[in-house]
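# Structural characterization, general
One letter stands for each residue in the lines below.
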Amino acid sequence: MPITEQQLLQVLPKARTVAGIFLPALNRAMLRWKVDSRLRAAAFLAQIGHESGQLRVLVENLNYSADALVRTWPSRFTDQNAAAYARQPEKIANRVYGGRMGNGPESSGDGWRYRGRGLIQLTGRDNYRAAGAALGLPLEDKPELLEQAEHAAQSAAWWWAKHGLNELADAGRIQDIGSIINTGKPGRVPHGAAERKALYDIAVRVLA
């Protein structure tokens, strides 16, 4: 079920300046990855809307203060070391993403290279490699391709389908969808849960 620009803007009103660019890309991606019912489309639009600041942010913002680093990643930062990383996005990315998700150690620069991008904030070398294979794109070599509307939409819908989120949308498990996207596991309360649910409720009405 293709969505219209009017519907997209009713759900994501802050996307007004980019809606015309993203609409065809979203419809192609949703068709390809079977985001093809009202509940699936509503859940998808709500989640990518939250993750991307309503289609306006395609690269993760890692400009954290020292206090925010300790709160957000208590296993990575302490009151003693956070100040050395504060307000340094590249250094922060390498610290928090280094040595996991297929990335090399902090010193490799992979954390920054494969930081969150696209409409669902695809993160980590493993995800870039898998998405590239699925979409026929050299994402490992050119991660910045995910900053283009077409690839941002396709990578989001691919990740969505790969993680079974169409089926969770069918079952109305909206918080679990947000948890899987935000934390990697169902059952946890995701960051921005209230906004995710509010956008979903709007989308369900708009797409009726």
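This text follows the structure it describes.
If you're wondering where the values come from, they're calculated on a predicted model, not measured in any experiment.

Before going further, it helps to examine the side chain of Ser 179. Along the polypeptide, Ser 179 turns up in helix H10 (residues 174-183). Overall, Ser 179 belongs to the buried group, its relative accessible area being 0%. The contacts of Ser 179, once residues within four sequence positions are left out, are Gly 184, Lys 185, Pro 186, Gly 187, Arg 188, Val 189 and Pro 190.

With that settled, consider helix H5 (residues 89-97). Buried within H5 are the following residues: Ile 92, Ala 93, Asn 94, Val 96 and Tyr 97. In the core, the buried residues of H5 are packed alongside helix H4 (66-72) and helix H6 (110-113). Backbone geometry just downstream of H5 places Gly 99 in the positive-phi region, at approximately 75°.

Moving on, we get to the environment of Val 206. Looking at the element boundaries, Val 206 is found in helix H11 (residues 193-206). For the pair formed by Val 206 and Leu 58, sequence separation is 148 residues and the distance between their alpha carbons is 25 Å.

The terminal C-alpha atoms of H11, which comprises 14 residues, lie 20 Å apart, in line with the 20 Å expected from a rise of 1.5 Å per residue. If you check which residues of H11 are buried, you get Arg 196, Leu 199, Tyr 200, Ala 203, Val 204 and Val 206. Across the axial projection of H11, the buried residues extend over an arc of 160°, all falling on one side. Opposite the packed face of H11, turned more than 90 degrees from it, sit the exposed residues Ala 194 and Arg 205. Lining the buried residues of H11 we find helix H1 (5-11), helix H3 (38-51) and H10.

This part covers the packing of aromatic side chains. The final tally for this structure, using the stated rule, is five aromatic pairs. Between Phe 44 and Trp 160, the aromatic rings sit 5.3 Å apart at their centres with planes inclined by 85°, giving edge-to-face as the arrangement. Remark: Trp 160 occurs in helix H8 (residues 149-162) and Phe 44 occurs in helix H3; sequence separation between them is 116 residues. The exposure classification of Phe 44 matches that of Trp 160, with both residues buried.

Relative to the helices and strands, Thr 123 resides in the loop between H6 and helix H7 (125-135). The buried category is assigned to Thr 123, whose relative accessible area is 12%. In terms of polar contacts, Thr 123 uses its side chain to reach the backbone carbonyl oxygen of Gln 121, at 2.8 Å.

Before going further, it helps to examine the pattern of salt bridges. Tallied over the full model, the rule gives 13 salt bridges. A salt bridge links Glu 147 to Arg 117; the shortest N-O distance between them is 2.8 Å. Of the two residues, Glu 147 is situated in the loop between H7 and H8 and Arg 117 in the loop between H6 and H7; the sequence distance between them amounts to 30 residues. Connected through shared salt-bridge partners, Asp 110, Arg 113, Arg 125, Asp 126, Arg 129 and Glu 140 make up one network.

This part is about the nonpolar core. With 57 residues, the main nonpolar core has Leu 26, Leu 55, Leu 119 and Trp 160 as its most contacted residues. Sorting elements by how many residues they give to this core places H8 first, with eight residues. Core analysis: the second largest hydrophobic core is formed by 10 residues, Phe 77, Ile 92, Ala 93 and Tyr 97 among them.

Let's shift gears to the environment of Val 96. Looking at the element boundaries, Val 96 is found in helix H5. C-alpha of Val 96 to C-alpha of Ser 107: the two residues are 11 residues apart in sequence and 12 Å apart in space. For Val 96, the contacting residues outside a window of four places in its chain are Trp 73, Arg 76 and Phe 77.

Calculation notes
Residues numbered from 1 in each chain as written. Predicted model: local features only at pLDDT ≥ 70, side-chain atom pairs only at ≥ 80, totals over all residues. Heavy atoms only, no water. Helix = DSSP H or I, 4+ residues; strand = E, 2+ residues; numbered from the N terminus. Buried < 20%, exposed > 50% of the residue type's maximum accessible area, 1.4 Å probe, protein only. Contact = heavy atoms within 4.5 Å. Expected span 1.5 Å × (residues − 1). Arc of directions from axis to C-beta. Phe/Tyr/Trp six-rings, centres within 6.5 Å; stacked < 30°, edge-to-face > 60°. Polar contact = N/O pair within 3.5 Å; in protein donor to acceptor, adjacent residues only side chain to side chain. Salt bridge = Lys/Arg side-chain N within 4 Å of Asp/Glu carboxyl O. Core = buried A, V, L, I, M, F, W, Y, C linked by side-chain atoms within 4.5 Å.

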